[in-house]
Amino acid sequence: MAVIHRTTMSPGKLELLAAWMPSKPWYRGGDAPLLTKAGGFRLDDPEGEVGIEFMVVTDTSGDSPVTYQVPMTYRGAPLASAADGLIGTSEHGVLGRRWIYDGAHDVVLVEQLLALLAGRTTAQDQNASDAPDPTVEVLAGDAGVPAGLLGPGAVTDASDATVVGVGPAGREPALPLALSLSRVLTPGPAATDGSALGQLLTRWTDADGAEHRGVFAVLRAEKA
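Residues numbered from 1 in each chain as written. Predicted model: local features only at pLDDT ≥ 70, side-chain atom pairs only at ≥ 80, totals over all residues. Heavy atoms only, no water.

J.: What am I meant to see in the overall build of the protein chain here?
T.: Scanning the protein chain from terminus to terminus reveals two helices and 13 strands. Taking 224 residues into account, the globule formula puts the C-alpha radius of gyration at 17 Å, and the protein chain, at 17 Å, falls close to it. Dimensions of the protein chain, computed from C-alpha atoms along their principal axes, come out at roughly 45 × 40 × 30 Å. Within the protein chain, residue pairs in contact and separated by at least 24 positions form 59% of the contacts whose partners lie at least 6 positions apart. (Helix = DSSP H or I, 4+ residues; strand = E, 2+ residues; numbered from the N terminus. Rg over C-alpha atoms; globule rule 2.2 N^0.38 Å. Contact = heavy atoms within 4.5 Å.)

Next up, the structure:
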């Protein structure tokens, strides 16, 4: 169970994200993002070592507000395999120095997200310890999520999403599998194109305080 500490981080999460996000191809705002927290949820690391948060932020630095999803992990030491996804470091008031990663590059976040899509774990409230988040909805496709998937493989940033390669342990999948993480969030229903093995929907609040709901992640079998 993740424990939410009521303490400070220096620099703060939004400060770190404001410095990092303009380097990403899915970012659509100005040179200096103006970020506010707009929602999100957490997942538990079964080993209790890594913090996992799916943060939603709204940026008002551009011509119109844009809302983004940034999955993040918080670690007590650097993770060499996720070096390309390092957002920055911060001093936590209780835990000390934390290395903060874009979760698409972190094996713990990717595998716990796959577990969530497979129904083997439960989304947790972003701001409270040991409190499931009932607003996070998981939908299984007709074929369901295969067991034993591992990741991340190749991580590719696109104009509105990040695609993470995943697959069964020790063998090639019958069809390539791709875990797509929505970066630019837009309200809307679940995907209905038939390729989704599992998908995740939840809510966020826009710059005007209105609540929206949309797709955060989709696991797909790519066509041959």
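J.: Would you take a moment to explain the side chain of D102 for this structure?
T.: Positionally, D102 belongs in strand 6 (residues 96-102). Owing to a relative accessible area of 0%, D102 belongs among the buried residues under this scheme. With sequence-adjacent residues up to four places away left out, D102 is seen in contact with W20, P71, G85, I87 and R183. (Buried < 20%, exposed > 50% of the residue type's maximum accessible area, 1.4 Å probe, protein only.)

J.: Which parts of the structure should I look at to understand the pattern of salt bridges?
T.: Two side chains that carry opposite charge are able to pair once their charged atoms sit near each other. Within the structure shown, the criterion is met by eight salt bridges. R183 is the partner of D102 in a salt bridge, and the nearest nitrogen-oxygen pair spans 2.8 Å. Of the two residues, D102 sits in strand 6 while R183 sits in the loop between strand 11 (177-182) and strand 12 (196-205), which places them 81 residues apart along the sequence. By the burial criterion, D102 is buried, and R183 matches it. R213 is the salt-bridge partner of E137, the closest N and O atoms lying 3.5 Å from each other. Of this pair, E137 sits in strand 7 (residues 137-140) while R213 is found in strand 13 (residues 211-221), placing the two residues 76 residues apart along the sequence. (Salt bridge = Lys/Arg side-chain N within 4 Å of Asp/Glu carboxyl O.)

J.: Honestly, the nonpolar core in this entry has me stumped. Any pointers?
T.: Formed by 31 residues in total, the largest nonpolar core has its most connected members in F41, L113, V166, L179, L200 and L219. Among the secondary structure elements, those contributing two or more residues to this core are strand 2 (35-43), strand 3 (51-59), helix 2 (107-117), strand 10 (161-168), strand 11, strand 12 and strand 13. Looking at this core element by element, the count peaks at seven residues for helix 2. Residues contacting V166, with those up to four places away along its chain left out, are V110, L114, L150, G151, L177, L179 and L219. (Core = buried A, V, L, I, M, F, W, Y, C linked by side-chain atoms within 4.5 Å.)

J.: It is not clear to me how the layout of surface pockets should be interpreted in this structure. Could you clarify?
T.: Considered as a void within the structure, the second largest pocket measures approximately 280 Å³ in volume. Lining the second largest pocket we find 15 residues, and of these S182, V184, T186, V215 and V218 sit closest to its centre. Contributions of two or more residues to the lining of the second largest pocket are made by strand 11 and strand 13. In terms of residue class, the lining of the second largest pocket is built from eight nonpolar, five polar and two charged. (1 Å grid on protein atoms, 1.4 Å probe; cavity = no way out; pocket = protein on both sides within 12 Å on 5 of 7 lines; lining within 4 Å. Points joined across faces, edges and corners; volume = space filled by probe spheres on them. Nonpolar A, V, L, I, M, F, W, Y, C, P; charged D, E, K, R; others polar.)

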